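# Residue-level structural notes
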Amino acid sequence: MPLTPPAAGAARTPLAARRRALHGIAAWGTAAALPWPAFAAGPQPTAIEVWKDPSCGCCQDWVDHMQANGFRATVHETGNAAVRSRLGLPQKLGSCHTALVGGYLIEGHVPASDVQRLLREKPKALGLAVPGMPVGSPGMDGAIYGGRKDAYDVLLVAHGGASTRVFSHYPPSKEPA
């Protein structure tokens with residue numbers, strides 16, 4: 001039954017108003033049952049592959065950070081020295097885990113926001129590295145550190161690993177009270 005306004009001069013009855021409301025609800029229910037386009041489900045997670053030591057807690061904390069920020073991790077619990085060497089990253093830029101995402105190497109405790117920026121800007125590079133394990137970086141920021149945050153740089157590493165430049169700088173935080 002089509003929803004039409006009452007004719008001029010016709011009395012509106014509670015039953016007619018109820019009938020119109022029920023038709024409207026039924027129409028919305030039918031629309032809700034239809035399949036929604038794929039984009040309505042939201043963005044899909046970005047795949048990232050990670051190599052780490054199986055007993056390293058800070059590596060798992062970094063993986064958790066990445067997953068909380070839109071990445072879907074496949075983790076290899078085999079250590080990362082062999083893959084780092086195979087991919088051409090110099091030992092001096094090394095850390096405790098290595099990842100691949102979108103054709104780029106990610107070494108160490110790189111924040112997800114920097115990886116997202118790298119994937120947006122697509123520079124010609126091997127990838128990003130945070131050498132060592134700076135306190136306050138993602139994965140090295142648990143309660144055990146008491147809120148301490150050391151300064152560190154995220155480095156953009158050129159192909160071949162011969163040169164780097166600062167991609168992002170993170171200053172130290174003030175000492176906790």
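Cut-offs applied
Residues numbered from 1 in each chain as written. Predicted model: local features only at pLDDT ≥ 70, side-chain atom pairs only at ≥ 80, totals over all residues. Heavy atoms only, no water. Buried < 20%, exposed > 50% of the residue type's maximum accessible area, 1.4 Å probe, protein only. Helix = DSSP H or I, 4+ residues; strand = E, 2+ residues; numbered from the N terminus. Pairing = 2+ DSSP bridges. Contact = heavy atoms within 4.5 Å. Phe/Tyr/Trp six-rings, centres within 6.5 Å; stacked < 30°, edge-to-face > 60°. Arc of directions from axis to C-beta. Salt bridge = Lys/Arg side-chain N within 4 Å of Asp/Glu carboxyl O. pLDDT = per-residue confidence, 0-100. Axes fitted to C-alpha atoms, helices over the stretch in contact; angles between N-to-C directions.

Here the focus is the pairing of strand 4 (residues 104-108). Summarising burial for strand 4: 5 of the 5 residues are buried, a large majority. Two strands pair when backbone bridges link them, and strand 3 (residues 97-101) and strand 4 are joined in this way by 4 bridges, in the antiparallel orientation. By the bridge assignment for strand 4, Val 101 is matched with Tyr 104. Between strand 3 and strand 4, which follow one another and run antiparallel, lie 2 residues, and Gly 102 among them has a positive phi close to 55 degrees. Here strand 4 runs beside strand 5 (residues 127-130); their pairing, made up of 4 bridges, is parallel. The residue of strand 5 that forms the bridge with Glu 107 is Ala 129.

Most of strand 3 sits inside the fold, with 4 of its 5 residues counted as buried. Two strands pair when backbone bridges link them, and strand 1 (residues 46-52) and strand 3 are joined in this way by 4 bridges, in the antiparallel orientation. Paired with Lys 52 across the strands is His 97, a residue of strand 3.

On to the environment of Ala 112. By secondary structure assignment, the location of Ala 112 is in helix 4 (residues 112-121). Placed 42 residues apart in sequence, Ala 112 and Gly 70 show a C-alpha to C-alpha distance of 8.5 Å. If sequence neighbours within four positions are ignored, Ala 112 has contacts with His 65, Met 66, Asn 69 and Phe 71.

Taken as a whole and assessed by the stated rule, the structure comprises 1 aromatic pair. Aromatic pair Tyr 152 and Tyr 170: ring centres 4.9 Å apart, planes at 15 degrees, arrangement stacked. With Tyr 152 in strand 6 (residues 152-157) and Tyr 170 in strand 7 (residues 164-170), the pair connects residues that are 18 residues apart, well separated along the chain. Residue classification places Tyr 152 among the buried positions, given a relative accessible area of 9%. Taking the relative accessible area as the measure of exposure, Tyr 170 reaches 23% and is therefore partly exposed.

A few words now on helix 4. By the burial criterion, the buried members of helix 4 are Ala 112, Asp 114, Val 115, Leu 118 and Leu 119. The arc enclosing the buried residues of helix 4, seen along the axis, measures out at 160 degrees, which places them on a common side. Once helix 4 ends, the next one or two residues include Lys 122, with phi positive near 50 degrees.

Here the focus is the pattern of salt bridges. If the charged atoms of two oppositely charged side chains come close together, the side chains can form a pair. Per the counting criterion, the structure on display carries 4 salt bridges. Of the charged contacts in the structure, one is a salt bridge between Glu 77 and Lys 52, with a shortest N-O distance of 2.9 Å. Highlighted residues: Glu 77 in the loop between strand 2 (71-76) and helix 3 (81-87) and Lys 52 in strand 1, separated in sequence by 25 residues. Since its relative accessible area comes to 36%, Glu 77 is described here as partly exposed.

We now examine the confidence of the model for the protein. Overall, the predicted model of the protein reaches an average pLDDT of 84, with 74% of residues at or above 70. The low-confidence segment residues 1-6 (pLDDT under 50) makes 6 contacts with residues lying over four places distant or belonging to another chain. Per-residue pLDDT stays below 50 along residues 24-39; that stretch engages in 0 contacts with residues further than four places along the chain or on separate chains.

Across the sheet, 7 strands lie side by side as 2-1-3-4-5-6-7; this open sheet has mixed pairing. In this open sheet, the two strands that pair with only one neighbour each are strand 2 and strand 7. Taking each pair of neighbouring strands and ignoring which way they run, the sheet shows an average axis angle of 25 degrees. Each of strand 1, strand 2, strand 3, strand 4, strand 5, strand 6 and strand 7 touches helix 4; the most contacted strand, strand 7, lies at about 135 degrees to it.

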